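Here is what each chain is made of, one letter per residue.
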Amino acid sequence: QVQLVESGGGLVQAGDSLRLSCAASGRTFGTYAMGWFRQAPGKGREFVASISYSGGSTYYADSVKGRFTISRDNVKTTVYLQMNSLKPEDTAVYYCAAAPTPRATMNRSEYNYWGQGTQVTVSS
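The text that follows walks through the structure, step by step, so that each part is easy to find. Keep in mind the model is a prediction, meaning the values are calculated, not measured.

Looking now at the pattern of salt bridges. Taken as a whole and judged by the stated rule, the model has 5 salt bridges. The shortest N-O distance in the salt bridge between Glu46 and Arg38 comes to 2.6 Å. You can call Arg38 buried: its relative accessible area is 5%. Members of the salt-bridge network, linked through shared partners, are Arg38, Glu46, Arg67 and Asp90.

Below is the structure:
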């Protein structure tokens, strides 16, 4: 069982930066790949970024590549999403998720633990 709690969302202007954090409980954090997804109003939940259990590999959605960086600290059992050069189209609820696989994955169906989400709003 893994419990996930996101934090760090807020209201920012276009071009600003935010760092989201996701604190995980459970001794098995280091065996899970972690991911960030987001859901904008009226849209489906979409993949943003993923990181392998070791942190050695990452995947990003094309829409955030070069602007967002996912990282993890297995000692602190926390995963981060550094978001730079934010755009209004990044506005969404951001969710942290855990997948019981060692490799980074974009496949939403592989994630079986989800946080409650944190709102990110980017004004133009």
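Let us now look at the state of the cysteines. Under the criterion given, the structure shown has 1 disulfide. With a sulfur-sulfur separation of 2.1 Å, Cys22 is cross-linked through a disulfide to Cys96. Between Cys22 and Cys96, the disulfide has an S-S torsion of -80° and is therefore left-handed. Taken together, the residues span a long stretch of sequence, with Cys22 in strand S3 (residues 18–24) and Cys96 in strand S9 (residues 92–99) at a distance of 74 residues. A single burial state applies to Cys22 and to Cys96, both of which are buried.

Our next topic: the environment of Ala14. Within the secondary structure, Ala14 is located in the loop between strand S2 (10–13) and S3. Considering only alpha carbons, one finds Ala14 and Tyr95, 81 residues apart in sequence, at a separation of 21 Å. The contacts of Ala14, once residues within four sequence positions are left out, are Leu86, Pro88, Val122, Ser123 and Ser124.

If you walk through the whole model with that rule in mind, you get 5 aromatic pairs. Note on Phe37 and Phe47: the rings are 5.7 Å apart at their centroids and 75° apart in plane angle, and the pair reads as edge-to-face. With Phe37 in strand S4 (residues 33–39) and Phe47 in strand S5 (residues 45–51), this residue pair connects regions lying 10 residues apart in the sequence. Of the residues examined, Phe47 reaches a relative accessible area of 13% and is grouped as buried. Look at Phe37 and Tyr111: their rings are 5.1 Å apart centre to centre, the planes differ by 80°, and that puts the pair in the edge-to-face class. One end of the pair, Phe37, is in strand S4; the other, Tyr111, is in the loop between S9 and strand S10 (113–114), and 74 residues separate them in sequence. One residue, Arg45, lies across the ring of Trp114, its end atom 5.0 Å from the ring centre.

Definitions and cut-offs
- Residues numbered from 1 in each chain as written.
- Predicted model: local features only at pLDDT ≥ 70, side-chain atom pairs only at ≥ 80, totals over all residues.
- Heavy atoms only, no water.
- Salt bridge = Lys/Arg side-chain N within 4 Å of Asp/Glu carboxyl O.
- Buried < 20%, exposed > 50% of the residue type's maximum accessible area, 1.4 Å probe, protein only.
- Disulfide = S-S within 2.5 Å.
- Helix = DSSP H or I, 4+ residues; strand = E, 2+ residues; numbered from the N terminus.
- Contact = heavy atoms within 4.5 Å.
- Phe/Tyr/Trp six-rings, centres within 6.5 Å; stacked < 30°, edge-to-face > 60°.
- Lys NZ or Arg CZ within 6 Å of the ring centre and 35° of its normal.

It is worth stressing that arrangement in space is one thing and function is another; only the former is reported here.
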